[in-house]
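Structural overview for review
Below, each chain spelled out in residue letters.
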Amino acid sequence: MRITVRLAAAAFFTVLACAPILAGAQTSADTSNSIEAIAVAKQGDRILVKITLKKPIPAVPGSFSVASPARIALDFPGTGNATGRNAQILNEGDLRSANIVQAGDRTRIVLNLLRPLAYEARVEDRNVFVSLSALTVQSSSPQTARFSDAQMSAGAHAIRDINFRRGKDGEGRIVVDLSDPGVGIDIRNQGSNLVVEFAKSTLPDQLRKKLDVTDFATPVTTIATSVQGQNVRMVISPKGNWEHNAYQSESQFVIEVKQAPEDSKKLADGRPKFSGDKLSLNFQNIDVRSVLQVIADFTNFNIITSDSVTGSLTLRLKDVPWDQALDIILQAKGLDMRKNGNVIWIAPRDELATREKLEFEAKQAITELEPLRTETFQINYHRATAVAAFLKNRDQTILSKRGSVVVDDRTNKLFVSDIGSRLEDIRRVVGEIDVPVRQVLIEAQIVEAADTFTRNLGVRLGFGGSAGGVVGTTADGRAVGRTTYGGGIAQTGYQGGLIETKPDSLAQALGVNLPAGSIAGSAAGALSFVLWNSNATRFLALEISALEADGKGKVISRPRVMTADQIEALIEQGVEIPYQQATSSGATSVSFKKANLSLKVKPQITPDGKILMSLDVNKDTPNTQISSSSGIAIDTKHVRTEVLVENGGTVVIGGIYTQETTNRTNKIPLLGDIPIAGYLFRDNSRVDNKTELLVFITPKIVSEQTASR
């Protein structure tokens, strides 16, 4: 099996090293396959990387390349790392090393390069071959990067949406949604701006505008998008010293602009980092002052040498940065330097340390004699007494030994007396801590759902007669004999009143004691049958009673409370139930017990915008069905926990589900067990009750605009 994929030399992707796995890659639930070895060989002007796997794979793995730093990444889904190491040094031409990283059920191989290279991947049996060759990008500017150049001559494309976000490290992230992955993209620096052109693309009218994103506190200030002929041009205007990265995943194109790190090779703290122009020095037994004079003439720096700098040295340096040569000379003779502007002062280390110590002692003496100044600070968002206690903290006081603080509680002001340099520090500290506290709105939803079902079925059988007359009827239609008899018939009655056999059974209403009756709130349905002989002197009565009750209920409680960051809040509603309590003297007194709905919460806003909450939710209900002489019982539902929730997110912090199922049969012994006919001598009752309790919490950080409304 031989599968080949080719990438045009100019079609490399300038993507982040942490770009996600390509969407086209297939995932697997296991890691039955594994990477066993990585080998590299030189073939003419190409570098061939051989990746050996345990089993063949059906297609070339997903891949992408990175321009800065130069890398090529290949993703193997359903594959583990069997090489026994995470890094392998290769050092073949522009290929330096390979990193092998396994994450879950997939493994990524990253080839670290000295410069961007074009690559070609193919699959042969258990091996994946990656061929690396020199990259030739035809561009009018060396800072131009192109995406999908191979498809720039295709038909018209479209830009669907443009979004701007702030990354976690303060970078500006422009996210462009494309109609398809084949849009040709050209990125170049134009003066102080970054220009991105989308070839043969259309732009909706609502996106043809200039976005001001200064408030996001990123290096990006504005983004202007317009149509230029058949292309769409986006002009990104950053500020300061910045750098950019760009990557594409399917139809989403992302540009990240971040603050460029400071040059670590600059002269800092008097220690050079070797970034100067190169020079060559070849001297034998030359005076140190003369060598320093040569370096001063080469760099045009003003070098001042202390009188204690003496001695000579021999050195031979070729093509060495001048600051490195100066550092070598200083180390060889035990010297050090201090740089101020374009002036460099060189002296022995001990002499410089002694001089700086004397300067610090002189400054300390000046602070002891410097006159005090008094300044007023208006505290807006804190209590002045708390800020004063912070300033006067003995462990790390901001005041000098002579400083003092006076608080005016009426106007919430601080009067600070101290030297001028300390007042500047106090002004800066007060400005940082006297800021409005962010507020959080916590909404709780307590849902109590009940689903009840009850069914009852009962039968009453009666027998009666008349000695010398016909059977009559009562006002409600039931038959009754004028002269009852049956003293010899045993009066058999069921405790529940559902099944009776006695002469006067039909003279009374059917005594129905069904559990479903209390739920339905109405009497059971009844059906009566009466049979008598031809003379109407004997009769047999059958009365059936049945009831079914099905109920559903839901109680929703929504307490909400707003509080400041890291300030505990409590909201509650309910009743206080009185009960008698014995005192130490033997008398009784009346005390009160709360039965209420309460929400106690203490939120903490994390640096990444999430909310950490300590929660205490309580739901009490008086139970009037259970009572005693001392008071009423209370049904309580209580949850206490600590959770981390995203801003505006909802989390279920607790839930209780209960189900009660009861099947009951009341019958006359023996008669109730007769098949079919036994239904005349028994009643059945079935109960199925379900209850569920859920507690939802939704925290929201309140913005200043919302809080001011």
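Residues numbered from 1 in each chain as written. Predicted model: local features only at pLDDT ≥ 70, side-chain atom pairs only at ≥ 80, totals over all residues. Heavy atoms only, no water.

- As annotated in an unreviewed UniProt entry, the chain is Type IV pilus secretin PilQ from Niveibacterium microcysteis.
- Turning to the chain, the UniProt annotation filed under Sequence similarities (unreviewed entry) states: "Belongs to the bacterial secretin family." (UniProt positions renumbered as here; feature names shortened; annotations may be inferred.)

Concerning the sheet that holds strand E28 (residues 373–378)
- In spatial order, the strands read E28-E30-E29; together these three strands make up an open sheet with antiparallel pairing. Unpaired on one side and paired on the other, E28 and strand E29 (404–408) mark the two borders of the sheet. For this sheet, the mean inter-axis angle between neighbouring strands, taken without regard to orientation, is 20 degrees.
- As defined by bridge partners, E29 adjoins strand E30 (residues 413–418) across five bridges and the pair is classed as antiparallel. The partner of Val406 across the bridge, within E30, is Phe415.
- Packed on one face of the sheet, helix H5 (residues 420–433) meets E28 and E30 and runs near 5 degrees to E28. (Pairing = 2+ DSSP bridges. Helix = DSSP H or I, 4+ residues; strand = E, 2+ residues; numbered from the N terminus. Axes fitted to C-alpha atoms, helices over the stretch in contact; angles between N-to-C directions. Contact = heavy atoms within 4.5 Å.)

A closer look at the nonpolar core
- In this structure, Ile159, Ile174, Val196, Phe198, Met234, Ile236 and Phe253 are the most contacted members of the largest nonpolar core, which totals 25 residues.
- Sorting the residues of this core by element identifies strand E13 (157–166), strand E14 (172–178), strand E15 (185–190), strand E16 (193–198), strand E19 (220–228), strand E20 (231–238), strand E21 (242–249) and strand E22 (252–259) as the ones contributing at least two each.
- Ignoring any residue separated from it by four or fewer positions in sequence, one finds Ile174 in contact with Ile162, Asn163, Phe164, Val220, Ile223, Met234, Ile236, Phe253, Val254 and Ile255.
- Listed in part, the 24 residues of the second largest apolar core include Ala70, Leu111, Leu117 and Tyr119. (Core = buried A, V, L, I, M, F, W, Y, C linked by side-chain atoms within 4.5 Å. Buried < 20%, exposed > 50% of the residue type's maximum accessible area, 1.4 Å probe, protein only.)

Some points on the sheet that holds strand E27 (residues 343–348)
- Overall, mixed pairing links the three strands, which are arranged E24-E27-E26 in an open sheet. Taken across any chain shown, the strands that pair with only one partner, and hence form the sheet edges, are strand E24 (302–305) and strand E26 (335–340). For this sheet, the mean angle separating the axes of adjacent strands, direction not counted, is 20 degrees.
- Pairing of E24 with E27, which is carried by four bridges, proceeds in the parallel orientation. By the bridge assignment for E27, Ile303 is matched with Ile344.

Concerning the pairing of E20
- Bridging between E16 and E20 involves five bridges; their strand directions are antiparallel. Directly across from Val195, in E20, lies its bridge partner Val235.
- Taken together, the eight bridges between E19 and E20 define a ladder with antiparallel strand orientation. Within E20, the position partnered with Val227 by the bridge is Val232.
- Two successive antiparallel strands, E19 and E20, enclose a turn made up of two residues, where Gly229 displays a positive phi of approximately 65 degrees.

Some words on the packing of aromatic side chains
- One pass over the structure, following the stated rule, counts three aromatic pairs.
- When the ring of Phe301 is compared with that of Trp322, the centres are 5.5 Å apart and the planes differ by 40 degrees; the resulting orientation is tilted. Within this pair, whereas Phe301 is found in the loop between helix H1 (288–299) and E24, its partner Trp322 is found in helix H2 (residues 322–332), the two being separated by 21 residues in sequence.
- What makes Trp322 buried here is its relative accessible area of 10%. (Phe/Tyr/Trp six-rings, centres within 6.5 Å; stacked < 30°, edge-to-face > 60°.)

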